Amino acid sequence: MRLEAVVLNARDNVATAVANLGKGAKVELRAGEKTFTVELKAPISLGHKFSLHHIDNGSAIIQYGEVIGIATKSIKPEEHVHVHNVVSIRGRGNLSKEEV
Amino acid sequence: MSFLAYPRPDGSFGVRNYVGIIPTVACAGDVAHWISNQIRSSVAFLHQQGCCQTKSDLELVTRTLISLGRNPNLASVLLVSLGCESISVDQVAEGISQSGKPVEKVVIQKIGGVNPALAEGSRLARQLVVEASALRRSKVEESELRIGIKCGASDTTSGLASNPAIGGAVDLLIEKGGGAVFGETTESIGAEHILAQRAVSPEVGRRILEIVDRMEKRAMAMGTDMRGGQPTKGNIAGGLTTIEEKSLGAIAKGGTKPIQAVYEYGESPQGKGLFIMDSPGREPEALTALAAAGAQVILFSTGLGAPQGFPFVPVIKITANPITYQHLPDHIDLCIDITSGAGHSLRKASQTIYEEVLKTASGKKTMAETTGYFTATDIYTTGPVI
């Protein structure tokens, strides 16, 4: 068995693709002790993230077991999670330091 | 588990048994280098500092040279001084000899020039090597280990696999009572609040935020905004969404244990557990910080394949990029794969790294030790050269 995406911490609500994955791909995942399979709603490139379950607008995106940003819209399970639906709470290249 | 190491007079344990040849100033570097070429089992630490610098940088260089000399991997030290430099060779010698190890010196201008200094330095180094060679390794508990942690020439696989796997190995060592130190202050920008939450006290947490802020201000004073534009366009194309995510990928190599203390560059951390040493990310200065912090072994995560080691500390290069491993076999000691096989592969990778640390500590050579790729070293400074 070869994993095509990794969940870095059992608390995470996103997984990261370690191969280029097509829409509809069935991806096997391991989070802590748990193994499960998800079906992707969108193509996900290597290094990109997708959601493991529903994430409300304004809720935390968790990776490495830590908050990496906040959802700017409601995110469905197995959806691409990136700059189009997540914002940093620390600093962002398109904002000046004073604004963040 | 235990490993084999050389007992030192100050109670520490060396995993190597070199005679360190340390110039007190850049102008004494060639003689130090030649002595180390001449006398086997001696090794030089070369740098560009030691004179015509601000007072605070001279203090920083002095304490770094002392801390390097005290690293347990050195059985003894020969200092090479030019004579007219700002750094006091006697102060450095005194600082190192407080650890109980033999320290000798040769002063180029006093002894009559480069060739007499090479002859006398080689004679002294030879004596020290013969004395050191009589020492034997003995069995030591893993709690006597302090490892340094670093990443460089990173790629997507660093934050996803090799850094978290190294972090797991660091956690294992700290659970066994050992110690670890990491620096690269610049790398924690954006995730410094998370590091600060892991501090053992509010004071240590405040220090973490302070060193990040200070590093940013230094860069800002030179017109460089390190937070702006992060993650970069290339990072975003590669899948990194926020600066928190990018920095978490970098600091994952430090594991998850509480942070005991924050040290200034070149200081000697005391005690066990996880420490931070304020240092930049660039290899020549960052590896020196870890060696000065008393690390006997360094774990170095690399995606693209950095080549270097350090003169007297084995640097274990770890990648999770199989292409790099196949393409650059003499840069990489260990390739880990967290995507294959059943079970908990990240945990397995951490265990593999941990075992490699103990093997290396007991004497197994790293690639950089076999290639001898470690002369591009330096000491970090913050002020101008005068």
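Enquirer: Can you walk me through the sheet that holds strand β7 (residues 138-141) of chain B in this structure?
Expert: Pairing between the strands of a sheet comes from backbone hydrogen bonds, and it takes one of two forms, parallel or antiparallel. Taken in spatial order, the 3 strands line up as β2-β1-β7 (chain B) in an open sheet, and their pairing is antiparallel. Each having just a single partner strand, β2 (13-14) and β7 of chain B make up the two edges of the open sheet.

Enquirer: How should I be thinking about helix α10 (residues 243-251) of chain B in this particular structure?
Expert: At 3.6 residues per turn, the α-helix brings residues three or four places apart onto the same side. The element α10(B) is extensively covered by neighbouring structure, given that 9 of its 9 residues are classed as buried. For α10(B), the full list of buried residues reads B:I243, B:E244, B:E245, B:K246, B:S247, B:L248, B:G249, B:A250 and B:I251. In this fold, the buried residues of α10(B) make contact with β6 (60-63) and β7 (66-71) of chain A together with β8 (146-151), α6 (156-175), α7 (192-197) and α9 (233-237) of chain B.

Enquirer: Which parts of the structure should I look at to understand the domain arrangement of chain B?
Expert: A common way to express how large an interface is: the accessible area buried when the components associate. All names here are of chain B. Assigned domains of chain B: these are domain 1 (18-133) and domain 2 (143-371). Centre-to-centre, using C-alpha coordinates, domain 1 lies 29 Å away from domain 2. Across the contact, 15 residues belong to domain 1 and 12 residues belong to domain 2. Among the secondary structure elements, those contributing two or more residues to the side of domain 1 that touches domain 2 are β3 (18-23), β4 (42-44) and α2 (55-70). Element by element, the count of residues in the side of domain 1 that touches domain 2 is highest for α2, at 6 residues.

Enquirer: Help me understand helix α3 (residues 89-97) of chain B in this model?
Expert: Residues and elements named next belong to chain B. For α3, the full list of buried residues reads V89, V92, A93 and I96. An end-on view of α3 places all buried positions within 100° of arc, on one side of the element. For α3, the secondary structure elements touched by its buried residues are α2, β5 (74-81) and β6 (103-107).

Reading the values: the criteria
- Residues numbered from 1 in each chain as written.
- Chains lettered and ligands numbered in written order.
- Predicted model: local features only at pLDDT ≥ 70, side-chain atom pairs only at ≥ 80, totals over all residues.
- Pairing = 2+ DSSP bridges.
- Helix = DSSP H or I, 4+ residues; strand = E, 2+ residues; numbered from the N terminus.
- Buried ≥ 20, exposed ≤ 12 C-beta atoms within 10 Å, placed from the backbone.
- Contact = placed C-beta atoms within 7 Å.
- Domains from an automatic or database assignment.
- Arc of directions from axis to C-beta.

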